[in-house]
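# Fold and geometry: a report
So the chains spell out like this:
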Amino acid sequence: MVDQLVRRSLDHPKRRWVVWGITLFLLLFVTLPCWDHYGDRQSEVRSLSTELYEATLASNNVAAMQSRLAQLGTQDGQQNLFFDQDRAEQFRESVTEITFDLQCQLKRLTLSDPRQTPWVPSQGLVQMQR
């Protein structure tokens, strides 16, 4: 029975249309969804490998960041111990009194808050501005 069906389909005068129809069916309903699924998985792999690369770079830089954080922590402690807000007010007043006593002119005396520079990934660790 199957043999007769195969023979009839091979001997059929419109067998080219049948072959094209089967090919089109396989292309539209099987191959294209598989191709989309493959493309989605490939883009997911790319994004995950990029994420892995960024995490690896960050983990390699942890020791340098910790040492820099410790260095900044000691600097902040020193600044706070030696020159806090009250000390800045006293310093400003003493400089003003000294200039008045010496009969000089004081153009401008500015004591500002410490500046912090933003993190720039291409430069590595943050460099202090002077």
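Since the model is a prediction, treat every value here as computed from it, not as a measurement.

### Details of unusual backbone geometry
- The phi angle at Gln 103 is positive, at roughly 55°, despite the residue not being glycine.
- Its location among the elements puts Gln 103 in the segment after helix H4 (85–101).

### Describing the confidence of the model for the protein chain
- In the predicted model, the protein chain carries a mean pLDDT of 80, and 78% of its residues have values of at least 70.
- Here helix H3 (residues 62–82) is the element of the protein chain with the lowest mean pLDDT, 71, and helix H2 (residues 15–60) is the one with the highest, 91.
- Low pLDDT, under 50, characterises residues 125–130; the predicted model gives this stretch 15 contacts beyond four residues in sequence or across chains.

### With respect to the packing of aromatic side chains
- Tallied over the full model, the rule gives 2 aromatic pairs.
- Centroid distance Trp 35 to Tyr 38: 6.0 Å. Interplanar angle 45°. Geometry classified as tilted. On the criterion of helical spacing, the pair formed by Trp 35 and Tyr 38 is a turn pair, its members being 3 residues apart in helix H2.
- Note on Trp 35: relative accessible area 59%, which makes it exposed.

### Focus: H4
- Here H4 spans 24 Å end to end across 17 residues, near enough to the 24 Å set by a 1.5 Å rise per residue.
- Gln 103 lies just past H4 and shows a positive phi near 55°.

### Concerning a nonpolar patch on the surface
- Together, Val 18, Ile 22, Leu 24, Phe 25, Leu 26, Leu 27, Leu 28, Phe 29, Val 30 and Leu 32 make up a nonpolar patch on the protein surface, roughly 920 Å² of accessible area in all.
- The topology assignment puts Val 18 in helix H2.

### Overview of H2
- Taking 1.5 Å as the rise per residue, H2 with 46 residues should run 68 Å; its terminal C-alpha atoms sit 64 Å apart, in good agreement.
- Its maximal kink placed at Leu 27, H2 deviates by approximately 35°.

### Re the pattern of salt bridges
- Taken as a whole, this structure holds 2 salt bridges when the rule is applied.
- Salt-bridge contacts for Arg 41 lead to Glu 44; the nearest nitrogen and oxygen are separated by 2.5 Å. Placement of the pair is Arg 41 and Glu 44 together in helix H2, with a separation of 3 residues, close to one helical turn.
- Residue class for Arg 41 comes out partly exposed when judged on its relative accessible area of 41%.
- Note that Arg 92 is salt-bridged to Glu 89, the shortest N-O span being 3.6 Å. Here Glu 89 and Arg 92 lie together in helix H4, a separation of 3 residues that amounts to about one turn.
- Take Arg 92: its relative accessible area is 25%, and that puts it in the partly exposed class.

Parameters and conventions
- Residues numbered from 1 in each chain as written.
- Predicted model: local features only at pLDDT ≥ 70, side-chain atom pairs only at ≥ 80, totals over all residues.
- Heavy atoms only, no water.
- Helix = DSSP H or I, 4+ residues; strand = E, 2+ residues; numbered from the N terminus.
- pLDDT = per-residue confidence, 0-100.
- Contact = heavy atoms within 4.5 Å.
- Phe/Tyr/Trp six-rings, centres within 6.5 Å; stacked < 30°, edge-to-face > 60°.
- Buried < 20%, exposed > 50% of the residue type's maximum accessible area, 1.4 Å probe, protein only.
- Expected span 1.5 Å × (residues − 1).
- Patch = residues over 30% accessible without salt bridge, like charges linked within 9 Å, V, L, I, M, F, W, Y side chains within 5 Å.
- Areas by Shrake-Rupley, 256 points an atom, 1.4 Å probe, with all protein chains shown as cover.
- Salt bridge = Lys/Arg side-chain N within 4 Å of Asp/Glu carboxyl O.
- Bend = angle between axes of the 7 residues up to and from the residue.

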